[in-house]
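Residues per chain are reported as follows:
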Amino acid sequence: MSYLTRGPRRGIGSKANTAGRRRDERNITSTVTEVAVMTGVSMPSRRRFMVGAAGFSFGVVVGVPPILKLAAGEARAAAAKQIVMSPWVTLSTDGTVAIMSPAAEMGQGSLTSLPLILADEMDADWAQVRIVPAPPNDKIYGNPLFGGLQYTAGSASVTGYFNNLRQFGAQVRWVLMDNAARHWGVPLAELTTEPSVVAHQKSGRRLTYGEIAAFATIPETAPQVVVEPVSKAQFRLIGKDVRRVDVPGKVNGTAQYSIDVQVPGMIYGAILREPMEGAAPDKIDDTAARAVEGVMKIVPLKYGVGVLADTPWAAFKAKNALKVTWSRSARGWGFSNEKGYEMFAAAAKDLQRKGVAWEVKGDPLAAMKKAVTVFEGEYRADYAYHAQMEPLNSVAAVAPAGNAVEIWCGSQSQTIAVTAVAKALGIPENHVKFNGMLLGGGFGRRGNRDVEFIVDSALMSKAAGRPVKVMWTREDDVHSGRFRPLYVNRIRAGLDESGKIIAWHHRVVCDRVLAFMDPVRFKTAKGRDNIAMRGTELPTYDIPDRMSEGLQEDTGMRTAPLRAIGVGQNSFATEVFIDELAVKRGMDPVQFRLQLLKNAPRARHVVEEVARMADWSRKRPGRGLGLAYLDYSGTQLAGVAEVSVDRQTGAIKVHHFWCAIDAGVAVQPDNVVAQTESSIVYGLGLALMERITIDNGAVQQSNFYDYQVPRMRDLPEIHIKLIQTPNHPTGAGQMATPLVPTAIANAVFQLTGVRLRQQPLLPERVKQALLEGAARSA
Amino acid sequence: MGQMITTTLTVNGKRHTVSALPDTPLLWVLREHLKLTGTKYGCGVGQCGACTVHIDGKPNYACLNPIKDLEGRSVTTIEGLSPDSSHPLQKAWIAEQVPQCGYCQSGQIMRAAGLLKENPQPSRQEILDYMQSNLCRCGTYVRIARAIERAAKEGAV
């Protein structure tokens, strides 16, 4: 196989499998409604497609993306013909290349970066690319990393779709070259491409992709084209910082989120929700609610009481005026953070209680018996709230007959939304028309299997007999939040006489997450709680005999993945404990990590790099430095925090945060940096201030005045070094978040000699720890 | 209780007469009556700044201003900041690739426009202090500060 080179690209070293019959030229005129790119696509597919191992069916109509009708000037576009190259690419004779983007856009930038990967391999002229959000269809647009579910989470979009998108792009390019070769009667091997042009150097002839579209025949079966391995030199778009396509609409107010949707005849809904899962309304007094001007109907629901009104304000006022007593049947009654800690800490300590194994390597229990010394540490974390800036909401229009619905929503999974709504209304899935909107933040809150915030509007529209926008107030969003669980982590490490760690045993006790947020995936995972347990595995540290196990409890509390999922707490436990072990060994924390990472060169590199950036060994009066290292789904990261502590109040101030990150090939390097900045700021909130408390089963916080998140003045100086390596790209959307609490806690230790073992590192906790530390040394 | 009232106000240079409950926040009048959805709902209590607009030329929370107090007053929203995204802040926001989810950014830009109007060459600390009222959960603060510095340098506001 000869590999391709770029600029101009030479021939094609591929084995074509085009044995299937070729189709005649087909020009498809768009008949679907015109929808601007950011408002999403509303085309439920009516056919299922076979996706072979080698790729996918070619030339199958999913529908011409409506954006093409708007592209490049109305008149020219109207005269242009469109040809569907594949379910991913539609080419127009005016040169426009429409590429599907399969993921939900919630700020992470994959609306741009995924089509960019395909465009790069297709050698499309980026200026002529129009991006179209893909319709719900797991079989075509599913993420291989989620078993083919069209699900945007885990910072897994680029890493999960990367190989397939390159393959699809290469196939389209091959088909275009093959058409040009037959058109000119020359061997395909003599052809090259430049952005959106096929060229025959020998004769000097050139055809644009748009010109080829006018006569192209599309094979029924996907050609097998060999894609070059990842190597930076060959890319035209990858690694070049193409500007995000969603940004222009986000600086002038035109970007459309579901909360912005208005459809003719639409009214408004608000729902007073049960104070905890399973607490149904018992008695409803709606006298005051009905008296609010503009209220149209009160809708009793299984999980609360809905209000329909002609304005949002009337709906909110009426909701607040409802008086409801709730059934006492819910599991969560009587629960509190304190009870949770008590219960979880006892379970963590009781080794007779076996957990569900997560990572087991070697024979850790036998190795533990050989240990000369065994150290233990216990770490805790409170519930934490997503606080995405757009409160949950959705719009639905149920057909008068009740047998079909159109929905507008921001969901981390297009197909989950369709399934949940169909189920709630008792209608077939192909009677649900889905409009995917931009998400005003997701962070894990919008990917639950029951998508209750989307089902809301479907039920309310059905009750209203007309379109309804249901909005949650911020208070609803907090009170009915689905949180990062309460955690107690307990780690035991066995050391031999030389001080080397020879055994590692990490027990995680927390609320169940996967079983609650996605029972379907929980079943497939055979009872292993991927969300709660991630981050306990230690693939890079030189500890051959190790295990982690989970004891997940159903306390009745609502939980969800939250940015950095279990890694946020599990790596806090691991890395603070490692720091403690370094101290016990009398070793420098950087040197201790480097010793543990002796077999992991990429990991060593980020640690060495961040130590260099922070000038690690330089002492700063009144300030402390702390280190955290992390392997997060293959992405290598290390962070250093520089802090000071107000000993009167216990308040921690973070002055600097340095981070080195290696996520392999960076498709959009500046965006990887932006995501890392974002992850650090998010981590700062989780580290220092964010805490949900439960009392008698109910959430105690309500809004941003009692659930604080980072503001501008909390910002440390952030220094990021992106290390680009020719490895398969791995995640970047949340990876740095867990570094922050860990590095801060370790820095506070360096400064004060006091260990902080509970997130968030609240001033009162720091103060208490300082007092206890002083008492011990007195 | 209730009783709809009629209010005439100027929004982005155009006079509008709206009918609403007197305590209806300007936010909902802008979004649902006038379909100016660039101004966002985030908290409803003046804690997040997503609804920041200019009232009589000064940044203010649309969620805290009831329509009954807005008779004859002048409101500018993100849609009225410039007709074509040509305001120096909007250009700087694109140059620095500030937005992520983007939901808070209308409010951020309107707040920043208020800052540069009062103080065309703010120091970094002045930027952080003035922008303290506006939350961004994606944590784009680093770039917001950089974009404001760029706009102050490049644009005659």
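Nothing here was measured: the structure is a model prediction, and the numbers come from that model.

What counts, and at which threshold
Residues numbered from 1 in each chain as written. Chains lettered and ligands numbered in written order. Predicted model: local features only at pLDDT ≥ 70, side-chain atom pairs only at ≥ 80, totals over all residues. Heavy atoms only, no water. Core = buried A, V, L, I, M, F, W, Y, C linked by side-chain atoms within 4.5 Å. Buried < 20%, exposed > 50% of the residue type's maximum accessible area, 1.4 Å probe, protein only. Helix = DSSP H or I, 4+ residues; strand = E, 2+ residues; numbered from the N terminus. Contact = heavy atoms within 4.5 Å. Pairing = 2+ DSSP bridges. Axes fitted to C-alpha atoms, helices over the stretch in contact; angles between N-to-C directions. Domains from an automatic or database assignment. Buried area = accessible area lost by both parts, 1.4 Å probe. Salt bridge = Lys/Arg side-chain N within 4 Å of Asp/Glu carboxyl O.

(A) Layout of the nonpolar core. Core analysis: the biggest nonpolar cluster contains 235 residues, and Ile501, Trp504, Ile652 and Ile744 of chain A together with Trp93 and Ile148 of chain B have the highest contact counts within it. At 9 residues, the largest contribution of residues to this core is made by helix 20 (residues 669-688) of chain A. When sequence neighbours within four positions are dropped, the list of residues in contact with tryptophan 93 of chain B reads Val251 of chain A together with Val98, Pro99, Gln105, Gln108, Ile109, Ala112, Ile144, Ala147 and Ile148 of chain B. Counting residues in each nonpolar core, the second largest holds 57 residues, with Ala98, Ala134, Trp184 and Val225 of chain A among its members.

(B) Inspection of the pairing of strand 1 (residues 5-11) of chain B at higher detail. Residues and elements named next belong to chain B. Examined bridge by bridge, strand 1 and strand 2 (residues 14-20) share 7 bridges and lie antiparallel to one another. The residue bridging threonine 8 from the neighbouring strand is threonine 17, located in strand 2. Here strand 1 hands over to strand 2 after 2 residues, with asparagine 12 in that stretch at a positive phi of 50 degrees. As paired strands, strand 1 and strand 5 (residues 74-76) are joined by 2 bridges and run parallel to one another. Counted as the bridge partner of valine 11 is valine 75 from strand 5.

(C) Molecular detail of the sheet that holds strand 27 (residues 717-722) of chain A. Residues and elements named next belong to chain A. Taken in spatial order, the 4 strands of this open sheet run 22-23-24-27, and their pairing is mixed. Where the open sheet ends on each side, the last strands, each with one partner, are strand 22 (624-632) and strand 27. Neighbour-to-neighbour, the strand axes of the sheet open up by a mean angle of 15 degrees, direction not taken into account. Strand contacts of helix 20: strand 24 (652-662) and strand 27, with the helix running at about 135 degrees to strand 27, the strand carrying the most contacts.

(D) Structural context of the environment of threonine 76 of chain B. Residue and element names in this part refer to chain B. You can see threonine 76 is positioned in strand 5. As for threonine 76 and glutamine 105, which are separated by 29 residues in sequence, their C-alpha atoms are 15 Å apart. Setting aside residues up to four positions removed in sequence, threonine 76 forms contacts with Asn12, Val53, His54, Leu81 and Met110.

(E) Expanded view of the domain arrangement of chain A. Residues and elements named next belong to chain A. Structurally, chain A comprises domain 1 (37-244), domain 2 (258-330 + 392-471) and domain 3 (337-383 + 483-777). If you average the C-alpha positions of domain 2 and of domain 3, the two centres end up 37 Å apart. Summing the contributions of domain 2 and of domain 3, the shared interface buries around 1100 Å²; its carbon and sulfur component is 51%. Counting across the interface, domain 2 meets domain 3 through 3 salt bridges.

(F) Fine view of the sheet that holds strand 14 (residues 373-381) of chain A. Residues and elements named next belong to chain A. One open sheet holds the 6 strands; their spatial order is 13-21-20-19-14-28, and the pairing between them is mixed. Of all strands in the sheet, those bounded by a partner on one side alone are strand 13 (356-361) and strand 28 (758-759). Pairing between strand 14 and strand 28: 2 bridges, direction parallel. Following the sheet pairing, alanine 381 is matched in strand 28 by glutamine 759.

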